[in-house]
Amino acid sequence: MTITKAVIPAAGLGTRFLPASKAIPKELLPVVDTPALEYVVREAAAAGLTNVLLVAGKTKGAILDHFDRAWDLEAILQAKGDTVRLEAIRESANLAKVHAVRQAAPLGLGHAVLCAREHIDGEPFAVLLGDDLIDQRDPLLPTMMAVQDRLGGSVVALMEVPRDQISLYGSAAAQPVPDQALDGLGIGPETVFALSRPVEKPSPEEAPSNLAIIGRYVLHPAVFGILEQTPPGRGGEIQLTDALATLAGRPPTQGGGLYGVVFRGRRYDTGDRLSYLQAVVQLAVDHPELGPAFANWLQGFAATLPASRQGG
Ligand code: G1P
């Protein structure tokens, strides 16, 4: 079955970015010259997920406006003959069919996904978390969708992290899936794992592995019935990871089975101020127009930093 729907939770309060996120949703903060959320919608669209549901909070209007036509602005740019910017603002409106549903209260990621139930209508679907940007040169979702199509169940993206960082993520125990089961999919060895015991933000001692769940999921719709029954977990929130634990223990005939695809490409984290700044710099260096001049300046600037401030 071809998956066409993506769910993007975008209802966070953005407290880590205050005061910048006081009136603007953090999802619309620019990474170089484009809102973080647009990168994520682009990634979904590039993977064929052209039906996008944003699970939004009180800033739903601003978020939807970004993916809508802006006739007044278009008319001004047209009159000026500024075709480059005109194309840029039209493109964000043409990437995908963008819908929104409101998450009335911030009850957790699992609750945000549950808000998508009616829109999804019983099909497997993708979830993309806006704090994780995946470089367009290293596509991840197509592999995850191919694995879901072949093995069924649900699939999460994984990344190896140092043990002392595992408590920032969900984690799970992993058993390699035999290569024969993935024949013809063009996936390299030691990439796909069968997962058990997923747990949200474990301590390094209790973590089942050093594989962190990163913000891309391809989920079986059985997750909705489970989320409905999932009590608040870590941090008092309804955790998607807890629902994945139930899915992992269910037979395939009931939508069970949980797999992980290890991602070894370029990922940028925009979840807190430091990682956000790093993401901006990394993507600015690669920017087709600004990159060469910015990289040149950056090299000179880095050389002026006192040694005590380097590597800190
Ligand atoms: C969420 C998930 C967590 C996952 C992480 C990836 O946590 O709950 O399992 O590892 O995203 O970024 P959050 O970062 O929203 O606290």
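No experiment lies behind these values; they were computed from the predicted model shown.

## Looking at the environment of S167
One can find S167 in the loop between strand 8 (154-160) and strand 9 (170-176). Separated by 45 residues in the primary sequence, S167 and A212 have C-alpha atoms spaced 8.9 Å apart. Ignoring any residue separated from it by four or fewer positions in sequence, one finds S167 in contact with K201, P202 and S203.

## Observations concerning helix 4 (residues 83-94)
An α-helical segment advances 3.6 residues per turn. Residues three or four places apart therefore align on the same side. In this model, helix 4 (twelve residues) spans 16 Å end to end at C-alpha, consistent with the 16 Å of a helix rising 1.5 Å per residue. The complete set of buried residues in helix 4 reads L86, S92 and A93. Projected onto a plane normal to the axis of helix 4, the buried residues spread over an arc of 135° and lie on a single side. Facing away from the buried side of helix 4 by over 90 degrees, the exposed positions are T83, V84 and N94.

## Examining the site of the ligand
Neighbouring the ligand are L109, L129, D132, Y169, G170, E200, K201, I213, G215, Y217, Q239 and T241. In this structure, an oxygen atom belonging to the ligand sits 2.9 Å away from a main-chain N or O atom of G170. A distance of 2.6 Å separates an oxygen atom of the ligand from a polar side-chain atom of E200. The fraction of the free accessible surface of the ligand (380 Å²) that becomes covered by protein chains is 78%. Of the residues forming the shell around the ligand, the biggest block, three residues, is contributed by strand 11 (residues 211-219). In terms of residue class, the shell around the ligand is built from five nonpolar, four polar and three charged.

## Quick look at the environment of V156
For V156, the location among the structural elements is in strand 8. Exposure remark for V156: the relative accessible area of 0% places this residue in the buried category. With 60 residues separating them along the chain, V156 and R216 place their C-alpha atoms 6.0 Å apart. When near neighbours in sequence (up to four residues on either side) are disregarded, V156 contacts M144, L195, I213, R216, Y217, L244, L258, Y259, G260 and V261.

## A look at the side chain of D132
Position of D132 relative to the elements: it lies in strand 7 (residues 132-134). Residue D132 is classed as buried on the basis of its relative accessible area of 7%. One polar contact links the side chain of D132 to the main-chain amide nitrogen of G215, over a distance of 2.6 Å. Only 2.5 Å separates the side chain of D132 from the side chain of R267, close enough to count as a polar contact.

## Re the environment of L290
Tracing the backbone shows L290 in the loop between helix 10 (273-285) and helix 11 (291-304). Sequence separation between L290 and V32 is 258 residues; the distance between their C-alpha atoms is 9.3 Å.

## A short note on the side chain of Q148
Looking at where Q148 falls in the secondary structure, it is placed in helix 7 (residues 141-151). With a relative accessible area of 7%, Q148 lands in the buried category. Within polar-contact distance, the side chain of Q148 engages the backbone oxygen of G153 at 2.9 Å. When sequence neighbours within four positions are dropped, the list of residues in contact with Q148 reads I3, P124, G153, V155 and V218.

## Points about the pattern of salt bridges
Applying the stated criterion across every chain yields a total of 15 salt bridges. One continuous salt-bridge network, built from bridges that share partners, spans R69, E74, E87 and R90.

## Overview of the pairing of strand 9
Across six bridges, strand 9 lies against strand 10 (residues 192-200) in antiparallel orientation. The residue bridging A174 from the neighbouring strand is L195, located in strand 10. In the sheet, strand 9 pairs with strand 11 via two bridges, with the strands oriented antiparallel. Along strand 11, the bridge assignment pairs G170 with I213.

## Some points on the packing of aromatic side chains
Within the structure shown, the criterion is met by four aromatic pairs. Where F17 meets Y276, the ring centres are 5.5 Å apart and the plane angle is 75°; that geometry is what we call edge-to-face. Pair noted here: F17 is in the loop between strand 1 (5-10) and strand 2 (30-31) and Y276 is in helix 10, with a separation of 259 residues, a long-range link. A ring pair is formed by W297 and F301, whose centres lie 4.9 Å apart and whose planes are at 10°; its orientation type is stacked. With a gap of four residues between them, W297 and F301 both fall in helix 11, about one helical turn apart. Since its relative accessible area comes to 47%, W297 is described here as partly exposed. Following the ring pairs from residue to residue traces out a cluster consisting of F294, W297 and F301.

## Structural notes on helix 8 (residues 222-229)
Listing the buried residues of helix 8 in full gives A222, V223, F224, I226 and L227. Buried positions along helix 8 lie against helix 5 (109-114), helix 6 (117-120), strand 6 (125-128), strand 11 and helix 9 (240-248).

Analysis parameters
- Residues numbered from 1 in each chain as written.
- Predicted model: local features only at pLDDT ≥ 70, side-chain atom pairs only at ≥ 80, totals over all residues.
- Heavy atoms only, no water.
- Helix = DSSP H or I, 4+ residues; strand = E, 2+ residues; numbered from the N terminus.
- Contact = heavy atoms within 4.5 Å.
- Expected span 1.5 Å × (residues − 1).
- Buried < 20%, exposed > 50% of the residue type's maximum accessible area, 1.4 Å probe, protein only.
- Arc of directions from axis to C-beta.
- Near = heavy atom within 4 Å.
- Polar contact = N/O pair within 3.5 Å; in protein donor to acceptor, adjacent residues only side chain to side chain.
- Areas by Shrake-Rupley, 256 points an atom, 1.4 Å probe, with all protein chains shown as cover.
- Nonpolar A, V, L, I, M, F, W, Y, C, P; charged D, E, K, R; others polar.
- Salt bridge = Lys/Arg side-chain N within 4 Å of Asp/Glu carboxyl O.
- Pairing = 2+ DSSP bridges.
- Phe/Tyr/Trp six-rings, centres within 6.5 Å; stacked < 30°, edge-to-face > 60°.

Any functional reading would require information beyond the geometric quantities listed.
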